[in-house]
Amino acid sequence: MEDNIFDKIHDVDLKETMENSYIDYAMSVIASRALPDVRDGLKPVQRRVLYSMIELNNGPDKPHRKCARIVGDTMGKYHPHGDSSIYGALVNMAQEWSTRYPLVDGHGNFGSEDGDGAAAMRYTEARLSKISMEMLADINKDTVDFVPNFDETEKEPTVLPSRYPNLLVNGTSGIAVGMATNIPPHNLREVVNAVVRLIDNRVNEDRDTDIEEVLQIITAPDFPTGGIILGTRGAEEAYRTGRGKVRVRAVTDIETLPNGKSQIIVTELPYMVNKARLIEKIAELHKEKKIDGITDLRDESNREGTRIVIELRRDANANVILNLLYKHTQMQDTFGIIMLALVNNEPKVLNLLEMLKLYLKHQEDVVTRRTKYDLNKAEERDHILQGLLIALDHIEEVIRIIRSSQNTQAAKENLMNRFELSDAQAQAIVDMRLRALTGLEREKLENEHKELLAKIAELKAILADEKLLLGVIREEIQITALKYGDDRRSRIGYDEYDISMEDMIPRDNTVIAMTNLGYIKRMTVDNFKSQNRGGKGIKGMQTIEEDFIADLLMTTTHHYVMFFTNYGRVYRLKAYEIPEASRTARGTAIINLLQLNPGEKISAIIPVKDYEDNKNLFMVTRNGIVKKTPVMEYSNVRKNGLAAINLRDDDELIEVKITDADTEIFLVTRHGMCIRFKETDVRATGRMSMGVIGMNLDDGDEIVGMQLDSQGDSLLIVSENGMGKRTYLEEFSVQKRGGKGVKCYKITEKTGYVVGVKATNDDHEIMMITTEGIIIQLRVEDISILGRITSGVKMINLDKGVKVAQIAKVRERVSDGSQEFDNPEDAMEDIPEEERYVSSADEDENLIFPTEEEDE
């Protein structure tokens, strides 16, 4: 007995056994569990769930069915690995924040972005979504291979037909043994356009597609939760090599409350970020004093979308806190791309072009097999029709043969012998009903025969010509994109470390507008057209109560835009970094773009193409202090700004211009005084200096504008009640700096105080902006030239209580009538470079018509 026991014991090598067992397990996980197939982008469990649902007739046009039934069917027939993994896959395919184009239409509690799990499968219901029907289209037409299931009682597909590139469109993630995949979702229209480009190049030009062409179409992933993708460098690296990192940032907005406090509003989060955990992390950072200045934190998200509100202390810098949040929390996250998929059941890291080519190869196979199937069915049906038409041509004889035959089999044999028919044709004649003898039925059969002949010829042509086959694929995927495609959700933002991003930005002329309360936007130049003097203007900007446009700047997208503040600091952006908006949109709060301190406002904006040694920045303050500093001293502006001028407590910086040694300066005051002096009267000082007296002001007076003699031949002065005039520069004699100047505008109750001054020529145009956001554009040649001590003519009709807030200058190209602004890179040679900007801003308190007491 004992001998028998020992006979059953076998000595094995533990190392070898473990190796073999682990390799078997690893291969099973790699090939049959964790990795998607490159052709349909699905893991086995996902494919089995979708196939079970179509087998259950659980389509989008049918009622929802209990998830427990779907899971049970999938587990019992195809996937014997436990219900939790099946239900988990089903839930994931139904979650809109997890799957870019959900393949399952869920009904019930399917979890949330806060990380809440779905309800138990006995409570939830589901059906196939509309787009998933494209995944399963024509599966019954022998388009894909079927294999026996685990117990060989059913057949299951090895891959789905997939009428769109699901692997790229919905992406996937999976951890196998010794390898992992993490493919981000993409926009359906972009991916389909890339496949169409592959087809077009082969059909029209008989050539393969270069990856550079594809990268122009698919620039970055498109996440279901939106967010801002910082630059395209990481995505491009992944598309070229199969591996890369994409940085995604939450979409935020900084709002200023009426009480002066700011709040950060988060409306979109990076992909796969747990909202509840993010809020906990922010609270934890505040508690540990790593982020100081947060007074309240709340989640106001609802069915409309995500909304996290972070309220800040009155003295907190919103931009600084936002940058700390990006640094320490998942409000800025990295998505590591690993484009690993199964190719012929073997794992392989693929680049973007290889993925698209393998998908297209799969579609060629699917459409070829479907066409063969349709051709076979059409030929079979036509074969039957030919037999029926022969019978109808000899109906009397057919009836006689059938009547005289002993049984059905004999009748079939007699018909086959007499008319040389096949068994199928004879069977169809025997089964033929008497109604087929009517003329209408015969006509139907003849028409069907003709249609089938045409269809057979078409199907044979597709099988014979690869280009026709590709044309069929092209048409079908374009229809899919048309039906289910949508706009991008993830915006592509500018990565300050990604130099290649700048090359993608076209060099266009652009208009930048900014309001007194600090909203800024970039507009295209075709928003504005000239009008006659005295017109009502067009709506230029949607402003909020008590706000008005304070700056209008003409530049190009690639110029630096320097922002000088009332506190004497300077910040810098590239023009293209300012978000583009429509003419009537309010724009973006400047505190979303610059790290301004509480109470700090933009008082002057200038664009700079290059920092040159022979150029100076000439500044003027409200109290008449002027300062000249070489431009090069401002060439390295930090993110948190740079001190531009040292100011006294009661003074503010109001305007800055670029000058050279030959320039003459004009300063104009609110009470209509003007001084003209040479720039050389002011010695150059360092960045941190205070400057010298430029103009000696009367009590209550202040500077409203500074102009240069190189900017025009006449000085246009406009008052707040819409009056204005031009006076030749020659009427203003050159003085030494520090004087009181001469009278340049006659102030009356009708005119109001001076609000703006511009040096102009006849071929300039002027934009005037009112406190209600109305913009009017006038030709300078239409404005009267008058003496120094005059008030001028009416330039714009204003409603009661409305004032002129700001003026800005435009140049018109005479040759073709198209507009050209003062500072584009390709401006006319005769426009001095220092003139190539329009900038000035005044506080709204200086734009209000004085009361009788003030006038006295």
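The coordinates are above.
A brief structural summary. Along each chain, residue indices are assigned from 1 in the same order as the chain's sequence is written. Under the rules for a predicted model, residues below a pLDDT of 70 receive no local features and side-chain atom pairs below 80 are neither given nor counted, while totals for whole chains, interfaces and linings still include all residues. Only hydrogens and water are set aside; all other atoms, that is, all heavy atoms of the structure, feed into the side-chain values.

## A word on the pairing of strand β25 (residues 602-608)
Any residue under 20% of the maximum accessible area for its type is buried, any over 50% is exposed, and the rest in between are partly exposed; the area is computed with a 1.4 Å probe on protein chains only. The helix count covers DSSP runs of H or I at least four residues long, the strand count covers runs of E at least two residues long, and both are numbered beginning at the N terminus. Counting buried positions over the seven residues of β25 gives seven, a clear majority of the element. Here, a strand pair is defined by DSSP locating no fewer than two bridges between the strands. Bridge count for strand β22 (residues 560-565) against β25 is six bridges, and the pairing is antiparallel. By the bridge assignment for β25, F563 is matched with I605.

## Some words on the sheet that holds strand β11 (residues 262-268)
As summarised here, the arrangement of the four strands in space is β10-β11-β13-β12, forming an open sheet in which the pairing is antiparallel. The two strands at the open ends of the sheet, each matched to only one other strand, are β10 (251-256) and β12 (294-299). Each strand of the sheet is rotated relative to its neighbour by a mean of 20 degrees, with strand direction disregarded. Direction of pairing for β11 relative to strand β13 (residues 308-312): antiparallel, over a ladder of four bridges. From the neighbouring strand, V266 faces β13, where its bridge partner is I308. For helices, the fitted line uses only the C-alpha atoms of the stretch in contact; every axis is such a line through C-alpha atoms, and the angle between N-to-C directions lies from 0 to 180 degrees.

## Examining the packing of helix α13 (residues 352-393) against helix α17 (residues 439-464)
Look at α13 against α17: their axes get within 9 Å of each other, and the N-to-C directions meet at 150 degrees. With respect to α17, the axis of α13 lies roughly antiparallel. Of the two possible hands of crossing, α13 and α17 adopt the one that is left-handed. Angles below 35 degrees are treated as roughly parallel, those above 145 as roughly antiparallel, those between 65 and 115 as roughly perpendicular, and all remaining angles as oblique. Two helices crossing with the near one rotated counterclockwise from the far one by less than a right angle form a left-handed crossing, whereas a clockwise rotation gives a right-handed crossing.

## Description of the packing of aromatic side chains
The geometry of an aromatic ring pair is captured by the separation of the ring centres together with the interplanar angle, meaning the angle of the planes. Only the six-membered ring of Trp is used, alongside the rings of Phe and Tyr, when aromatic pairs are assigned; centres must lie within 6.5 Å, and planes under 30 degrees apart are stacked while those over 60 apart are edge-to-face, with the rest tilted. In total, this model carries nine aromatic pairs according to the counting rule given. Here F564 and Y634 contribute two aromatic rings whose centre-to-centre distance is 6.4 Å and whose plane-to-plane angle is 70 degrees, an arrangement assigned as edge-to-face. Of this pair, F564 sits in strand β22 while Y634 sits in the loop between β27 (625-630) and β28 (642-643); the two residues are 70 residues apart in sequence, bridging distant segments of the chain. Relative accessible area serves as the criterion here: at 0%, F564 is assigned to the buried category. Cluster of aromatic residues (ring-pair linked, three or more members): Y51, Y78 and F146.

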